[in-house]
Amino acid sequence: MNIIHCLAIAFAFAGLGTAIAAAIYWLRASRVPIQTPAASISDVPELHIMSGHVAFYESSRLNSTAAVLTGVAAVLSAIGSVLGVV
């Protein structure tokens, strides 16, 4: 097995590892809890709105990281595929 095929395998495994990391971030983004304040929503609606905003912000941050990791995984896998054909 020559060096090109070893590189192809290395890029394929790097793509796989990055894809798994992206999947973990997608999963974490989908499970961000919305904290419910102890106060009634009719008494302090701002607290309920802010807790939703905090959860949405955290979820969007995790989603953006997962999207970047997915792009990196696609590039690494494509490089591995091209090297495997050569």
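Read on for an overview of the structure. Keep in mind that this is a model prediction, so the values were computed, not measured.

Moving on, we get to the overall build of the protein. The secondary structure content of the protein amounts to two helices and zero strands. In terms of C-alpha radius of gyration, the protein reaches 20 Å, well past the compact-globule figure of 12 Å for 86 residues. Across its three principal directions, the C-alpha atoms of the protein cover 70 × 15 × 10 Å. A total of 86 residues make up the protein; the buried ones form 19% of that total. Considering only contacts in the protein between residues 6 or more positions apart, those separated by 24 or more positions represent 74%. A total of about 5,800 Å² of accessible surface is found on the protein, and carbon and sulfur atoms cover 73% of it.

Given a rise of 1.5 Å per residue, 41 residues ought to cover 60 Å, and the 60 Å separating the end C-alpha atoms of helix α2 (residues 45–85) matches this to within 8%. Within α2, burial applies to Ser51, Gly52, Ala55, Ser59, Leu62, Ala66, Leu69, Ala73, Leu76, Gly80 and Leu83. Those residues of α2 that are buried are in contact with α1 (3–30).

An α-helical turn contains 3.6 residues, so any two residues separated by three or four positions project in the same direction. Taking 1.5 Å per residue as the helical rise, α1 with its 28 residues ought to reach 40 Å, and the 41 Å between its terminal C-alpha atoms agrees with that figure. The set of residues buried in α1 consists of Ala8, Gly15, Thr18, Ala22 and Ala29. Looking at the buried residues of α1, the elements they touch are α2. For α1, the N-terminal cap is asparagine 2; the gap from its side-chain oxygen to the backbone nitrogen of isoleucine 4 is 3.3 Å.

Residues Met1, Ile9, Phe13, Leu16, Ile20 and Ile24 make up a contiguous nonpolar surface patch of roughly 660 Å² in combined accessible area. Tracing the sequence through the fold places phenylalanine 13 in helix α1. Under the relative-accessibility criterion, phenylalanine 13 is labelled exposed at 56%.

Attention now moves to the packing of α1 against α2. At a minimum axis separation of 7 Å, α1 and α2 run at an interaxial angle of 165 degrees. Taken together, the axis directions place α1 and α2 in an arrangement best described as roughly antiparallel. Where α1 crosses over α2, the handedness of that crossing is left-handed. Broken down by class, the residue content of the contact of α1 with α2 amounts to 21 nonpolar, 10 polar and one charged.

Cut-off values and rules
Counting starts from 1 at the beginning of each chain's written sequence and moves along it residue by residue. Two thresholds apply to this predicted model, a pLDDT of at least 70 for residue-level local features and 80 or more for giving and counting side-chain atom pairs, whereas whole-chain, interface and lining totals are computed over all residues. Water and hydrogen atoms were dropped before computing side-chain values, which therefore reflect all heavy atoms in the structure. Strands are runs of DSSP state E lasting at least two residues, helices are runs of H or I lasting at least four, and both sets are numbered from the N terminus onward. It is over C-alpha atoms that the radius of gyration is taken, and the globule rule equals 2.2 Å times the number of residues to the power 0.38. Only protein chains enter the accessibility calculation, which uses a 1.4 Å probe; a residue is then buried when its area is under 20% of its type maximum, exposed when over 50%, and partly exposed in between. Two residues qualify as a contact provided that any one of their heavy atoms is within 4.5 Å of a heavy atom in the partner residue. All accessibility values rest on the Shrake-Rupley procedure with a 1.4 Å probe; residue burial counts only the protein chains present in the view. By this rule the span expected of a helix is its residue count minus one, scaled by 1.5 Å. Two N or O atoms form a polar contact when they lie within 3.5 Å of each other; inside protein one atom must be a possible hydrogen donor and the other a possible acceptor, and for residues adjacent in sequence the pair counts only when both atoms belong to side chains. By definition, no residue in a patch forms a salt bridge, and every one has over 30% relative accessible area; like charges are joined within 9 Å, nonpolar side chains (Val, Leu, Ile, Met, Phe, Trp, Tyr) within 5 Å. Throughout this description, the term salt bridge denotes a Lys or Arg side-chain nitrogen within 4 Å of a carboxyl oxygen of Asp or Glu. Helix axes are fitted to C-alpha atoms over the stretch in contact, other axes to C-alpha atoms as well, and angles between N-to-C directions run from 0 to 180 degrees. The scheme is simple: roughly parallel for angles under 35 degrees, roughly antiparallel for over 145, roughly perpendicular for 65 to 115, oblique for anything else. Here a crossing is called left-handed whenever its near helix is offset anticlockwise from the far helix by less than a right angle, and right-handed whenever the offset is clockwise. Polar here means any residue outside two lists: the nonpolar Ala, Val, Leu, Ile, Met, Phe, Trp, Tyr, Cys and Pro, and the charged Asp, Glu, Lys and Arg; Gly therefore counts as polar.

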